[in-house]
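# Fold and geometry: a report
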Amino acid sequence: MQNKFHIFFFYLLSNLAYAKCDLGSESLNKFFDSKFSLSSDFIQSFVNNDKAPIEGSILLQRPNYLKITLKSPMNSEILINKDYIFQTDFDLDQTVRYDRNQMIDQIPAAILLLSSERVCKSFQIDTCSNEKCLLINKNNKLELVFFDEILKSLSFYSPNFNESKINFENLSIMQKINDSAFSYNQQVTDLLIFDRND
């Protein structure tokens, strides 16, 4: 009898240890898959603010890479790779490089790099279906809207940032994006470097 108890206990523990995080929606599970990739154009509009909408494009290759390019009048780019975060302002001809581990929590868009396991640990799922999911933690509110399991829009709120909604266009998912797309290769006059000891 004791051996049966040990076998059952081991089986239970091993299943708990290897249990996959279920976010409550097939759409959300697919979106936060650790191997997910996305390329898309987008328009970001701001709620309760007269700020003009921003247009841009996004490349995402989990678990490490994110590139967001903003068109005029912003004319800037944020690039996140395994080691660094690069913020380039083309009008100023300047890039600021940060240590990724030091600054990743300060970048709202970095939420897109989270795996389902990290989302489970970091957010409470308020409501979720295959069409719409609302995720909340102490600082952020994130709403994702899907159509046929394809992300159509994302709304984001944080106390430090204006509430905004991002609508995706020409979206393509789960196609391998070459790592070279995430290499920093800008030629700018000023490259400012802030590393761990700064």
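Criteria and thresholds
- Residues numbered from 1 in each chain as written.
- Predicted model: local features only at pLDDT ≥ 70, side-chain atom pairs only at ≥ 80, totals over all residues.
- Heavy atoms only, no water.
- Disulfide = S-S within 2.5 Å.
- Salt bridge = Lys/Arg side-chain N within 4 Å of Asp/Glu carboxyl O.
- Core = buried A, V, L, I, M, F, W, Y, C linked by side-chain atoms within 4.5 Å.
- Buried < 20%, exposed > 50% of the residue type's maximum accessible area, 1.4 Å probe, protein only.
- Contact = heavy atoms within 4.5 Å.
- pLDDT = per-residue confidence, 0-100.
- Pairing = 2+ DSSP bridges.
- Helix = DSSP H or I, 4+ residues; strand = E, 2+ residues; numbered from the N terminus.

Further remarks concern the state of the cysteines. If you walk through the whole model with that rule in mind, you get one disulfide. Here Cys-128 pairs with Cys-133 through a disulfide, and the sulfurs are 2.0 Å apart. Between Cys-128 and Cys-133 the sulfur-sulfur dihedral comes to about 60°; the bridge is accordingly right-handed.

Time to look at the pattern of salt bridges. Inspection of the entire model under this criterion finds three salt bridges. The partner of Lys-176 in a salt bridge is Asp-179, with the nearest N and O atoms 3.5 Å apart.

Let's shift gears to the nonpolar core. Counting 39 residues, the largest nonpolar core has Phe-31, Phe-32, Ile-80 and Leu-144 as the members making the most contacts within it. Setting aside its immediate chain neighbours within four residues, Ile-80 contacts Asn-64, Tyr-65, Leu-66, Ile-85, Arg-100, Ile-104, Ile-107, Ala-110 and Leu-113. Tyr-65, Leu-79, Phe-86 and Phe-182 belong to the second-largest nonpolar core, a separate cluster that totals five residues.

When pLDDT is averaged across the protein chain, the result is 85; 88% of the residues are at 70 or more. Taken together, the stretch residues 1–19 has pLDDT below 50 and engages in zero contacts with residues farther than four places along the chain or on a different chain.

Looking at chain direction, strand β7 (residues 124–128) and strand β8 (residues 132–136) are connected through four bridges and run antiparallel. When the sheet's bridge partners are listed, Cys-128 is paired in β8 with Cys-133. The turn linking β7 back onto β8 is made up of three residues.

Going from Arg-62 to Pro-63, the amide bond is cis rather than trans, its omega being 10°. Summarising the element assignment, Pro-63 is placed in the loop between β2 (54–61) and β3 (65–70). A cis geometry characterises the amide bond from Ser-72 onward to Pro-73, with omega recorded as 15°. For Pro-73, the position within the fold is in the loop between β3 and β4 (76–80). In the Ramachandran plot, Asn-75 falls in the positive-phi region, its phi being about 50° despite a non-glycine side chain. Along the chain, Asn-75 falls in the loop between β3 and β4. On the basis of relative accessible area, Asn-75 is assigned to the partly exposed category, the value being 26%. Of note, the phi angle at Glu-149 is positive, near 65°, even though the residue is not glycine. Among the secondary structure elements, Glu-149 is positioned in the loop between β9 (141–147) and β10 (150–158). Of the residues examined, Glu-149 reaches a relative accessible area of 30% and is grouped as partly exposed.

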